[in-house]
Amino acid sequence: METISKSIKKKDHDSKVSGRALYVDDYVMDGMLYGRLLRSSKAKARISNIIIPELPDGYLVVDNHDIPGENCVQIILADMPVFAEETVEFVGDPILMVVGPDFKEVERILQRIVVLYEELIPIFDMCKSEMVFFNYNYAKGDFDKALEEADHVFEETFRTGHQEHAYIETQGIIAYPNCGRMVISGSMQCPYYVHTAVTKALGYDAKDVQIIQETTGGGFGGKEDFPSILACQTAAAALKADRPVKVIFERREDIAFTSKRHPSVCTYKVAVKDGMITGMGIDVILNGGAYTTLSPVVLQRAMICSSGVYKIDNLQVAGRSVKTNTIPNGAFRGFGSPQTIFAIEMMMDHVAGKLGIESLEFREKHMVKKGDATATSGKYYFHVPLPEMIQRIDELTDYRAKRKLYQQQEGRYRKGIGLALFLHGCGFTGSAEGELIKPVVRIRKTTNDKVEILTGNTDMGQGLKTTFSKIVAETLDISNEQVLIENPDTARVPDSGPTVASRSIMTVGAMLQRAAGKLKQIWQTGEEQIIEENYVAPEFMIPFALQEFRGDAYPTYSWAVNAIEVEIDTLTAESKILGAWGIYDVGVPIDLNIIQGQMQGGFLQGIGYASIEQIDYNAQGIIRNNNFSDYIIPTAMDVPNLVTKIINNPYSHGPYGAKGAGELPMVGAAPAYVEAMENALGVCLNKAPFTMADTMWVLQEVLNNG
Amino acid sequence: MVRFILNGTEVGSTALANERLLDVLRNEFRLSGVKCGCKEGECGACAVILDGRLANSCMVALGSIEGSNVLTIEGYRTTERFAVLNKAYAIVSAVQCGFCIPGMILASECILARNPNPSEAEIQTGISGNLCRCTGYKAIVAAIDTAAKEGQGLW
């Protein structure tokens, strides 16, 4: 193990373990008002009238007329209004906010407001959508020729569902006017995203908007784009009231009306000649929901990794993100890749089955290695450690033997084991880092020789305060206690880019390492010194051209293998997880405990996605299971035997050899789980989540067919 | 007025009897270590120790606790037992976003108070009413196990 990997006490441990850490809902300001949103109860409608009762003193209604700048939330595009104007596009579309000193009175007022709608016909099924938000295509080689020359052609469609982030702290924002400026504090991943959005909605100069991240109770992507929306609404309310306004979502509101993972329908067409795949045609549809938010980038990542860890010379990929009248879907750990990795892994398994070749053996024959071209004609520049990871998981689980053993089972209880091989592209997709984000970091040495890290990146639990500090301390050869790091405040920190895309350590961490290296060279005891550092793209990369989807989409990749073993009770359709094993390559872990925590937490989240987490819409487009009784996330009892191992595979361009980590563990659990269910049930499956109800359907079919 | 013992001190609340204990603790007594995660008794973020048992304070009406003993993280963090748990949680970096942690620490106390040498399965069952979305629970289970071993005699 490298020295830097040795774990230290986390910077935020003491304040959190003692309950002293303050989250946004813990702040109360003088004269503070409480806000609550009135939302559309229709999935698609024209608003014909809004009847507002007489308001008691001190209460007010804030709507689109109160937006001094542009009534839109700048995310990538700006198609979502801050408050609805003439139409509403999903159940939950915000229409107005009621604000006042007593929260219960605010709720009473909300109940008495009447909205008259002229209902239009909504679209809920992504396959029936006529509005394509984003549409991309790319290819390499000659897929048509591969089809012509093929011995076999296989085609199959795979579906994945919504997933709710279920951070334990719900969304929350406080906004307050301060001498002609607007200050926003709250639970968020990306203070500068919020800054851009609020500046535009208020029509303010950038310098007159200040964003402060408070201790954030989990994000997982759910606090990447969504806080921009809530911040614009709350800022408009604070401006109109000229008082601080706080909005904290209740759990039901949070589940029903905030972004989710995009559901997908992926169709794979595979050409096989002489037992090997010679071509693949892939069609990806993502359900974008009512507004575009982050869908274009989610779709790009989904498409780029749609051929998984396999070398496919003749490849044709088409993708669309389409509009439906449902919640706008946004970022969620993995960001498009859990959907297509599910599809490719299931497809490889099914094709192997049809050819009569053992599934893992078939996949091993197609695996990429160092020097191979990527799907987008970039290159895998570094060692691909999959072979040794497969060997390790086989030793841990006895996968190959069990897989064979479980193929013929009788009796009530049946076991199954499944395996997934996967990768995750580290950092932003394509050339966004250098062309759009242009991150900047700053470190400041104080006169008493402490070193403060100034970045826009947030610690939402993933340990960034600790890992950033370790990188700087190690480089300067000073103690971790000498390094200071606070929650970012845009008035104090430069824009070092958002805290997303497994980029913080690899990209921003590398910039901090360089900054610390420079400070070390000019270190003057007792002097204040400031170093600023800009982003430099790794020199080896083939620039990515988004028009053609060609070039290096990512500088490097993290790799993983998952295996999951289940036991199904064929009488009750209950299944339990006997074991879940993950082997991960994230370069050099900057802190082993932190990386283990990321892998374990992400793996369990992935197992939830695979097995129990399902969003249930009714015919009116309303999410029916908007609470933790009905939207179930894993508890400590669900996967008693969860094993995660980290291998050491230093990345030459990352700080101390580190590369992307946070999203990887979320990506491969679903195919491993569903393959295990297939192995136990003896059928081919093609959807995730695969729930107890799905198991029941399969069992009934098997029984009916004798 | 409803009188009860809060973190060792006798207090009274004039809030309505049907108010959630969670809201009374947060709003009237400003105990912000008691977190609100769902208000439906599902997540455990608002857990307190009520007369020696773990309880979701969102599911407890103020009127039902006359004369009871309520312990929150603010009271518990002054104890020797907390010090042992604190250290055990730190060693394995069991705290990520931290929002579930006050409830999780109090759940840990209740597990160990009932059984000073719990098995892994007993720990998993003991914290199964406290949702954590960050950790996968492994580090938390390891921390409670470590605390049990290090805190011999305290529980």
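This is a predicted model, so every value here is computed, not measured. Every chain's residues receive numbers from 1 upward, in the order its sequence appears when written. Labels are handed out in written order, letters beginning with A for the chains and numbers beginning with 1 for the ligands. Thresholds applied to this predicted model are a pLDDT of at least 70 for local features of residues and 80 or more for the giving and counting of side-chain atom pairs; totals over whole chains, interfaces and linings are not thresholded and use all residues.

**Comments concerning the overall build of chain A**
Going along the chain from the N terminus, every DSSP run of H or I of four or more residues is numbered as a helix, and every run of E of two or more is numbered as a strand. The number of helices and strands found in chain A is 18 helices and 24 strands. All radius of gyration figures rest on C-alpha atoms, and the globule criterion is 2.2 Å times the number of residues raised to 0.38. A globule of 706 residues ought to have a C-alpha radius of gyration of about 27 Å, and chain A, at 26 Å, matches this closely. With the C-alpha coordinates of chain A rotated into their principal frame, the extents come out at 75 × 70 × 50 Å.

**Quick notes on the overall build of chain B**
Helix and strand counts for chain B stand at six helices and five strands. Starting at the N terminus and ending at the C terminus, chain B contains elements arranged as β-β-α-β-β-β-α-α-α-α-α. In terms of C-alpha radius of gyration, chain B reaches 15 Å, essentially the compact-globule figure of 15 Å for 155 residues. Taking the principal axes of the C-alpha coordinates as reference, chain B spans close to 45 × 30 × 20 Å. Burial analysis of chain B (155 residues in total) assigns 55% to the buried set. As a rule, residues whose C-beta atom has 12 or fewer other C-beta atoms within 10 Å are exposed, those with 20 or more are buried, and those in between are partly exposed; C-beta atoms are placed from the backbone.

**Notes on the nonpolar core**
Put simply, a nonpolar core is a cluster of buried Ala, Val, Leu, Ile, Met, Phe, Trp, Tyr and Cys residues tied together by C-beta atoms within 7 Å. If you look at the biggest cluster of nonpolar residues, it comprises 275 residues, and the most contacted ones within it are A175, V198, A235 and L512 of chain A. It is helix 5 (residues 226-241) of chain A that provides the largest number of residues to this core, a total of 11 residues.

**Notes on helix 1 (residues 21-28) of chain B**
Residues and elements named next belong to chain B. Within helix 1 the residues assigned to the buried category are L21, L22, V24, L25 and R26. Once C-beta atoms are placed from the backbone, any two residues with those atoms within 7 Å are in contact. Turning to helix 1, the residues buried within the fold contact strand 2 (9-13). One or two steps after helix 1, the chain reaches R30, where phi turns positive at roughly 55 degrees.

**Describing unusual backbone geometry**
Residues and elements named next belong to chain A. Cis geometry is found at the peptide bond from A688 to P689, where omega equals 0 degrees. Along the chain, P689 turns up in the loop between strand 24 (687-688) and helix 18 (692-704). Residues other than glycine seldom take positive phi values, yet S377 does so here, at roughly 60 degrees. Tracing the sequence through the fold places S377 in the loop between helix 9 (359-366) and helix 10 (386-397). Taking the C-beta count within 10 Å as the criterion, S377 has 19 such neighbours and is therefore assigned partly exposed. The phi dihedral of D398 is positive, around 60 degrees, even though this residue is not glycine. On the neighbour-count criterion, D398 (14 C-beta atoms within 10 Å) is partly exposed.

**Focus on the confidence of the model for chain B**
Averaged over every residue, the pLDDT of chain B is 98; residues scoring 70 or more account for 100%. The ipTM assigned to the predicted complex is 0.99, against a pTM of 0.98. Residue-level confidence of the predictor, termed pLDDT, takes values from 0 up to 100.

**Looking at the packing of helix 13 (residues 464-476) of chain A against helix 14 (residues 504-522) of chain A**
Residue and element names in this part refer to chain A. Only the stretch in contact is used when fitting a helix axis, every axis being a line fitted to C-alpha atoms; angles between N-to-C directions are given from 0 to 180 degrees. Running from N to C, helix 13 and helix 14 cross one another at 30 degrees; their axes reach a closest spacing of 8 Å. Between helix 13 and helix 14, the crossing angle belongs to the class labelled roughly parallel. Judged by the sense of rotation from one axis to the other, the crossing of helix 13 with helix 14 is right-handed. Contacts from L464, T467, F468, I471, V472, T475 and L476 in helix 13 reach S504, I505, G509, L512, Q513, A516, G517, L519 and K520 in helix 14. Looking at the contact of helix 13 with helix 14, its residues break down into nine nonpolar, six polar and one charged. Relative orientations are named as follows: roughly parallel for angles under 35 degrees, roughly antiparallel for angles over 145 degrees, roughly perpendicular for angles from 65 to 115 degrees, and oblique for any other angle. When the near helix sits turned anticlockwise from the far one by under a right angle, the crossing is termed left-handed; a clockwise turn instead gives a right-handed crossing. Residue classes follow a fixed rule: Ala, Val, Leu, Ile, Met, Phe, Trp, Tyr, Cys and Pro count as nonpolar, while Asp, Glu, Lys and Arg count as charged, and any other residue, Gly among them, counts as polar.

**So, the packing of helix 15 (residues 592-611) of chain A against helix 17 (residues 669-681) of chain A**
All names here are of chain A. Two elements in contact, helix 15 and helix 17, have axes whose closest approach is 8 Å; the angle formed by their N-to-C orientations is 50 degrees. The orientation of helix 15 relative to helix 17 falls into the category oblique. Along this stretch, helix 15 crosses helix 17, giving a crossing that reads as right-handed. Of helix 17, the residues touching helix 15 (which contributes F603, G606, I607, Y609, A610 and S611) are A669, A670, Y673 and V674. Partitioning the contact of helix 15 with helix 17 into residue classes produces eight nonpolar, two polar and no charged.

**Considering the interface of chain A and chain B**
Across the contact, 44 residues belong to chain A and 42 residues belong to chain B. At the level of elements, helix 1 (13-17) and helix 15 of chain A are the ones that each hand at least two residues to the side of chain A that touches chain B. Looking at the side of chain A that touches chain B, the element that brings in the most residues is helix 15 of chain A, giving eight residues. Residue composition of the side of chain A that touches chain B, grouped by class: 17 nonpolar, 18 polar and nine charged.

**As for the sheet that holds strand 4 (residues 53-56) of chain B**
All names here are of chain B. The strand order across the open sheet formed by five strands is 2-1-5-3-4, and the pairing between neighbours is mixed. Looking at which strands have only one partner, the edges of the open sheet turn out to be strand 2 and strand 4. If you compare each strand with its neighbour and ignore which way they point, the axes differ by 40 degrees on average. The sheet strands contacting helix 4 (residues 101-114) are strand 3 (47-50) and strand 4, and the helix crosses strand 3 at an angle near 35 degrees. For two strands to be treated as a pair, DSSP must find no fewer than two bridges joining them.

**A closer look at the pairing of strand 5 (residues 94-100) of chain A**
Residues and elements named next belong to chain A. For strand 5, the tally of buried residues reaches seven of seven residues, placing the bulk of the element in the interior. Where strand 1 (residues 33-39) and strand 5 come together, six bridges link them in antiparallel fashion. Paired with L37 across the bridge in strand 5 is M97. Alignment of strand 3 (residues 60-62) against strand 5, held across three bridges, turns out to be antiparallel. Each residue of the ladder has a partner; that of L60, found in strand 5, is V99.

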